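Remarks on the overall topology
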Amino acid sequence: MSTIAVEALTKRYRTVTAVDDLTFELAPGRITGFAGPNGAGKSTTMRLLLGLARPDSGRATINGRPYAELRDPLRHVGALLDPNVFHPGRSGRTALRIAARPAQIPGQRVEEVLHLTGLGAAAHRRAGGYSQGMRQRLALAAALLGDPETLILDEPANGLDPDGVAWLRGLLRRLAAEGRTIFVSSHLLAELAQTADDVVVINRGQLVAAGPMADLLEHTGASSLEDFFLGATSPEVRPAPATATRARSLS
Amino acid sequence: MRSLVSAELLKLRSTRSAWIPLAAALAAAVLAVIANTSAGHAGGPPLSPAALPELLRASGGQLVDGAVLLAWIVLSAGEFRHRTSVTTFLGEPNRLRVVSAKLLSAMLTGAAVGLLAEALGAATSAAALSAHHVPLAWNHPGVLGAVVTVPLLAALFGALGVGLGLLLRNTAAAVGLALMWAFVVEGIIPALTPEPGIVRWLPEAAANAVLHGASPAAAALPAGVALTVLAGYAAVLASAGAALTARREIGTASG
């Protein structure tokens, strides 16, 4: 079972602190929602986890190691950060074949993930002609290529129609039931509430709360995740101090 | 490394703006031989067995080098333009390994296209010289030199393309700079400096010296020295591109 751990992670861009002494650990085999207002530092945290950005201090690890030190990372971690990471002139199938090569993932697996994400019929078409939802599915297919035990997904429901959102919910549920650890950010709090077992909420780069969804709502008396989120991230509420946030991280 | 090189070559095959210039350069290799043999027959110096090495160098000459340079600028800078760098570096987080794979692929491409251009040039030369009743002299001392230098030069231009693309990360800027350098900068440098001989140390003049042993502005460097100079430019650009790629953040708006 895989784990994701973030320890005192800090990332600054000139005068802006995008991620500020952030600490949390995800429970393996569960879906953890990652929520926060725009600019809270969710995407930066995910890029730090995936080794695409370097922290100023702190550590972000997957199975105890930084992403860059994982052997064959695609077989351990699947990531969707942005649906617009495919060359518009290449077909969906070719884009996946290119992504599969470094891990020597066979062509049969490419066909499987194309089928799994509903892109089988459009696989020969150029990615530049895909709708936003199709590009999102293609990015999800790329994340699933290595059949990884950990998935890190940044706003995977963006651009999906209601059927697509329901399909994604079912897919994530099924993958979590297989024991995979899923870390998913979203602005769709009602959707996140339906999908996630646990939740990590950040604001201005700092941890606001982390824990099982049900416990969080029960302890705070909030009627819904949205209710809790709006209360916890309003401009008047300052994020909890670092010592407290560590104590509130998931066990 | 083999799987990374395989991925890079698949990127080349699936990017039209990269392989079309290469195909065009191969077509130009044939046309260059036809033009040179026709000109020789019509009014230029008479065709002779000694023309074969020069025909081979012309077929695999600057158009091939330019096409290989362009292809690898497009492929390297394009990673950031289209943000495919995200999937590339998720698949292989060791960025220097990715850059090495790009360099190796670019040099392999250059060598292969250079050889193919020469093969096409040789076949066309054979047909053209035979048509003019000129005996073919495959054992002419210059033939082996052409066979070796043309692919080597194209391989170095591939590495230059990767270095320039990674350094600038902007396809239009990198292509523009390469064209500007070849057609403007090297042309005006002799007028701007009291040492016009300096131009022979510049990339385009060095490439000319390797191919034809001639430089328009000054005495050419010996071919071996010119090749070493070009290898130096390729190494400097590739190292700078690699260092920048290793340091920069991936997945931001600019990359």
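Here is what the cut-offs are and how they apply
Residues numbered from 1 in each chain as written. Chains lettered and ligands numbered in written order. Predicted model: local features only at pLDDT ≥ 70, side-chain atom pairs only at ≥ 80, totals over all residues. Helix = DSSP H or I, 4+ residues; strand = E, 2+ residues; numbered from the N terminus. Rg over C-alpha atoms; globule rule 2.2 N^0.38 Å. Contact = placed C-beta atoms within 7 Å. Buried ≥ 20, exposed ≤ 12 C-beta atoms within 10 Å, placed from the backbone. Domains from an automatic or database assignment. Nonpolar A, V, L, I, M, F, W, Y, C, P; charged D, E, K, R; others polar. Pairing = 2+ DSSP bridges. Core = buried A, V, L, I, M, F, W, Y, C linked by C-beta atoms within 7 Å. Axes fitted to C-alpha atoms, helices over the stretch in contact; angles between N-to-C directions. Parallel < 35°, antiparallel > 145°, perpendicular 65-115°, else oblique. Left-handed = near helix turned anticlockwise from the far one by under 90°. Arc of directions from axis to C-beta.

1. With respect to the overall build of chain B
Broken down by element type, chain B carries 10 helices and 0 strands. In terms of overall size, chain B behaves like a compact globule, its C-alpha atoms giving a radius of gyration of 19 Å where 255 residues would be expected to give roughly 18 Å. Overall size of chain B, expressed as C-alpha extent along the three principal axes, is 60 × 45 × 25 Å. A fraction of 77% describes how many contacts in chain B between residues 6 or more apart in sequence connect residues 24 or more apart.

2. A closer look at the overall build of chain A
What chain A contains, in helices and strands, is 9 helices and 9 strands. Relative to its length of 251 residues, chain A is compact, with a C-alpha radius of gyration of 18 Å against a globular reference of 18 Å. The principal-axis extent of the C-alpha atoms belonging to chain A is close to 50 × 35 × 35 Å. Every one of the 251 residues in chain A was classed for burial, and the buried ones make up 50%.

3. Observations regarding the domain arrangement of chain A
All names here are of chain A. Here chain A is described as being made up of domain 1 (1-68 + 151-251) and domain 2 (86-147). The straight-line distance from the C-alpha centre of domain 1 to that of domain 2 is 26 Å. In this complex, domain 1 contributes 8 residues to the contact, which on the side of domain 2 involves 5 residues. Considering only residue class, the side of domain 1 that touches domain 2 consists of 4 nonpolar, 3 polar and 1 charged.

4. Here we look at the pairing of strand β6 (residues 150-154) of chain A
Residue and element names in this part refer to chain A. When you tally the buried positions in β6, you get 5 out of 5 residues, the bulk of the element. Here β6 shows no split at all, with Thr150, Ile152 and Asp154 on one side and Leu151 and Leu153 on the other all buried. Alignment of strand β5 (residues 77-80) against β6, held across 4 bridges, turns out to be parallel. In the sheet register, Val77 faces β6, and the bridge partner there is Thr150.

5. Looking at the interface of chain B and chain A
Contacts between the two partners involve 23 residues from chain B and, on the opposite side, 28 residues from chain A. Only α1 (2-13) and α5 (85-91) of chain B provide two or more residues apiece to the side of chain B that touches chain A. Among the elements that take part in the side of chain B that touches chain A, α1(B) stands out by supplying 6 residues, more than any other. When its residues are assigned to classes, the side of chain B that touches chain A shows 8 nonpolar, 10 polar and 5 charged.

6. Regarding the nonpolar core
Counting 154 residues, the largest nonpolar core has A:Leu96, A:Leu138, B:Ala25, B:Val68, B:Ala159 and B:Ala206 as the members making the most contacts within it. It is helix α7 (residues 141-168) of chain B that contributes the most residues to this core, 14 residues altogether. When we break this core down by domain, the ones giving at least three residues each are domain 1 (1-68 + 151-251) and domain 2 (86-147) of chain A. Excluding residues that lie within four positions of it along the chain, B:Val68 makes contacts with B:Leu22, B:Thr109, B:Gly110, B:Val113, B:Ala154, B:Phe157, B:Gly158 and B:Gly161.

7. Topic: the packing of α7(B) against helix α8 (residues 171-192) of chain B
Residues and elements named next belong to chain B. Running from amino to carboxyl end, α7 crosses α8 at an angle of 130°, the nearest separation of the two axes being 9 Å. Taken as axis vectors, α7 and α8 run oblique relative to one another. Seen along the crossing, α7 lies across α8 with a hand that is right-handed. Here Leu164, Gly165 and Leu168 of α7 lie close against α8, whose contacting residues are Ala173, Ala174, Leu177 and Ala178. When grouped by side-chain class, the residues that make up the contact of α7 with α8 number 6 nonpolar, 1 polar and no charged.

8. Observations regarding the environment of B:Trp138
By the element assignment, B:Trp138 lies in the loop between α6 (95-131) and α7. Sequence spacing of B:Trp138 and B:Arg2 is 136 residues, and the spatial spacing of their C-alpha atoms is 35 Å.

9. Brief notes about the packing of α6(B) against helix α10 (residues 223-247) of chain B
Residue and element names in this part refer to chain B. Running from amino to carboxyl end, α6 crosses α10 at an angle of 145°, the nearest separation of the two axes being 9 Å. Judged by the twist between their axes, the crossing of α6 over α10 is right-handed. Of the residues in α10, those touching α6 at Arg95, Leu96, Val99 and Leu103 are Ala238, Gly241, Ala242, Thr245 and Ala246.

10. Focus on unusual backbone geometry
All names here are of chain A. Residues other than glycine seldom take positive phi values, yet Gln104 does so here, at roughly 55°. For Gln104, the location among the structural elements is in the loop between α2 (92-100) and α3 (107-116). When the 12 C-beta atoms within 10 Å are taken as the criterion, Gln104 is described as exposed. In this structure, Glu155 is a non-glycine residue whose phi angle is positive, near 50°. Tracing the chain through its elements places Glu155 in the loop between β6 and α5 (162-177).

11. Considering α3(A)
Residues and elements named next belong to chain A. Taken as a whole, α3 has its buried residues at Val110, Val113 and Leu114. End-on view of α3: buried residues confined to an arc of 105°, all on one side of the axis. Packed against the buried residues of α3 are α2 and α4 (132-144). Gly118, located one to two residues past α3, shows a positive phi value of around 75°.

12. Quick notes on the sheet that holds strand β7 (residues 181-185) of chain A
All names here are of chain A. Ordered in space as β5-β6-β7-β3-β8-β9, the 6 strands form an open sheet in which the pairing is mixed. Two strands close off the open sheet at either side, each with one partner strand: β5 and β9 (206-212). Each adjacent strand pair in this sheet contributes to an overall mean axis angle of 10°, direction not counted. As paired elements, strand β8 (residues 198-203) and β9 share 6 bridges and run antiparallel to each other. Looking at the pairing, Asn203 lines up with Gln206 of β9. Across the sheet, α5 is in contact with β3 (31-35), β6 and β7; its angle to β7 comes to roughly 150°. Packed onto the sheet, helix α8 (residues 225-232) meets β3, β8 and β9 and runs at close to 25° relative to β8.

13. Description of the environment of A:His124
All names here are of chain A. Structurally, His124 is set in the loop between α3 and α4. Exposure remark for His124: the 10 C-beta atoms within 10 Å place this residue in the exposed category. Along the chain, His124 and Gly170 lie 46 residues apart, while their C-alpha atoms are 26 Å from each other. Discounting chain neighbours no more than four positions away, the residues touching His124 are Ser91 and Arg93.

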